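For reference, the chains in residue letters:
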Amino acid sequence: MNPILSKQIVKDNQTIVVKISQQVSYLMEDTVNYAKGIVVSDQVQTLLKKMSVTQGYDYYVINLQLETILKEHSLLRDKTIVDMVVVDNHNKVLEMNDLYSSYLKEDWYNDFRYNEVYNGVSKRHVVSNHANTSRLDVVTYVMNIYDKQNANVYLGKLLIHLDYHVLVKPMLIDPSLGMKILTFDKDQNVVYAPEDETVDAIPAEIISKPQISEKAMYKDGQYYIMESFPIYQWKLYGIISENKINANMKYINYVLLSIIMICLFIMSIIIYPVVTNVTKPLMKLIRGMRQVSKGELHTHIAVTSGDEIEEVAQVFNKMVEDIKILVDESVFMEKKKRELELKMFMYQINPHFIYNTLNSVIYLARKADAPDIAALTKAFISFLQRTIKTQPETLSSIQDEIKYIEDYTKILTFRYNDRVEVIWDVDESCRAYKIPRMILYPLVENSIFHGLLPVSEKGWIKIRITLEYGALSVSVEDNGVGIHNQQLEKLRDQMSSLSLHEDLDHIGLLNVNNRLKLLYGDTSILNIASVLNEGTRIYFMIPSSLADPSK
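Model, not experiment: these values are computed from the prediction. (Residues numbered from 1 in each chain as written. Predicted model: local features only at pLDDT ≥ 70, side-chain atom pairs only at ≥ 80, totals over all residues. Heavy atoms only, no water.)

### Observations concerning the overall build of the chain
Then comes step 1: When you go through the chain residue by residue, the secondary structure sums to 15 helices and 18 strands.
Then comes step 2: When each of the 551 residues of the chain is scored for burial, the buried share is 42%.
Then comes step 3: Intrachain contacts of the chain at a sequence separation of at least 6 include 61% that bridge at least 24 residues.
Then comes step 4: Split by element, the accessible area of the chain, about 31400 Å² in all, is 55% carbon and sulfur. (Helix = DSSP H or I, 4+ residues; strand = E, 2+ residues; numbered from the N terminus. Buried < 20%, exposed > 50% of the residue type's maximum accessible area, 1.4 Å probe, protein only. Contact = heavy atoms within 4.5 Å. Areas by Shrake-Rupley, 256 points an atom, 1.4 Å probe, with all protein chains shown as cover.)

If you want it as structure tokens, here you go:
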């Protein structure tokens, strides 16, 4: 664990270095932004322009006004800023007491003296305050001043003396942390270093690197963490000794070792009953799984361990029960499918014998000059051809179903003297869609025999097929006698039931409903709406994606 702890300690110290750099950056960035506000101030710009063309008494009055403005700005940052001064475009300090003129001859100002572009931070130096009673360590931030109305006109420089001790205060960390902080400027001059640290505490090859790509660089028993300050080109280093890390970890190692020994002792006492309580239910669960894998779906596991294993056993029992229900339902559905197939096959008889017989009837009808009999027989042959080749899973187009129903109603016309009128309301776009073959016939037959024929007047059946909300909507409506409420409720219960009904002695509503349920699911079952002595409407919906002929 020592390497892990060592990496964590280095990572924690890296976080400290980042926090220190953020605090120092905040102070310097605040100073830079503050300086920007001063150099573009209308008052400062106007006074500088006047002083460049004014002499004598007026010059000193303007200079006094400028010093007053700078003093007011200094007081707003009195905890960080020691003083401010402006240097004109001839490197002349604009002051009344001639306090800072001599300081500009020192080497800290060399980078700025004749440079009208570079803004930056000087190295550490000493200045006197206005009372000239003490000397202060400062770092000076220098910003060039340009005419904001003509950016090419250089007016001078703004010098802001920052209190060195306030600036480096975040770098003063507790020695007990085991890390030392060193800061260098762009010329590798020391900005801050602990009193007991030498300038050459950091190897030259590390200082020369513009940025340490790794989280921390290790060399000669030391970890080096670097953070840069792009605005003022400083580099802050955190130095951690490997020996210090190891010393800190000794105590942690002793604690960890003691914890491990105690844990091992406790485990040796309680391991056997714990293992026994865990393994017994697990073995019982495994045996139950093996039984289920052999097909024994009546398996039930009784576990009373009072823990997660008991919960797993309960979930397992529930899963086995669900599997058994699904298997039973699958077998039942398959059985019903086969029963439907058998029922449909039972309606098939030898077609050649029937067709030959009916063609003979047509011949005799023509011979006897009975065109109605010939027309009726032809319609019956067309109707019979579609009936004989029907299978439950076979689909046909809506156009074919229309022809089938028209043949059927033509037959009834001869029998019941035009008492039934069929009205079609079919969207042209729906005619090519596929629906189960002979699905409309039982519905039309039900409307005729149970709705229209019981009354003496002529009635109508309206067959409507449209596309609505992404589904194919099919309805058969009549104006017959309707259905009693009790019978209607019974039919609705049977339609919405989750199981298939066995009342399949004839192809009726339940047959149609079962076929729809088997092919499309419970969402496509028949719906019945009826009002006594007014009529009945039976309808169902098929997802258009399942009826689309292109798929």
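### Side note on the sheet that holds strand E10 (residues 222–229)
Then comes step 1: With antiparallel pairing, five strands are arranged side by side in an open sheet as E8-E7-E11-E10-E9. Of all strands in the sheet, those bounded by a partner on one side alone are strand E8 (190–192) and strand E9 (217–219). When strand polarity is set aside, the average angle formed by the axes of neighbouring strands in this sheet is 35 degrees.
Then comes step 2: Examined bridge by bridge, strand E7 (residues 179–184) and E8 share two bridges and lie antiparallel to one another. Among the inter-strand pairings, Thr 183 is bridged to a residue of E8, identified as Tyr 192.
Then comes step 3: In the packing of helix H7 (residues 242–293) onto the sheet, the strands contacted are E9, E10 and strand E11 (234–241), and the crossing angle to E11 comes to about 50 degrees. (Pairing = 2+ DSSP bridges. Axes fitted to C-alpha atoms, helices over the stretch in contact; angles between N-to-C directions.)

### Notes on the environment of Ile 225
Then comes step 1: Here Ile 225 is to be found in strand E10.
Then comes step 2: C-alpha separation for the pair Ile 225 and Val 10, spaced 215 residues apart in sequence, amounts to 8.8 Å.

### Quick word on the nonpolar core
Then comes step 1: Leu 66, Leu 158 and Trp 234 are the most contacted members of the largest nonpolar core, which has 52 residues in total.
Then comes step 2: Per-element tally for this core: the top contributor is helix H1 (residues 2–39), with 13 residues.
Then comes step 3: Not counting residues within four places of it along the chain, the set of residues in contact with Leu 66 comprises Val 44, Leu 47, Leu 48, Met 51, Val 86 and Leu 94.
Then comes step 4: Counting 42 residues, the second largest nonpolar core, distinct from the first, contains Tyr 441, Val 444, Ile 463 and Met 495. (Core = buried A, V, L, I, M, F, W, Y, C linked by side-chain atoms within 4.5 Å.)

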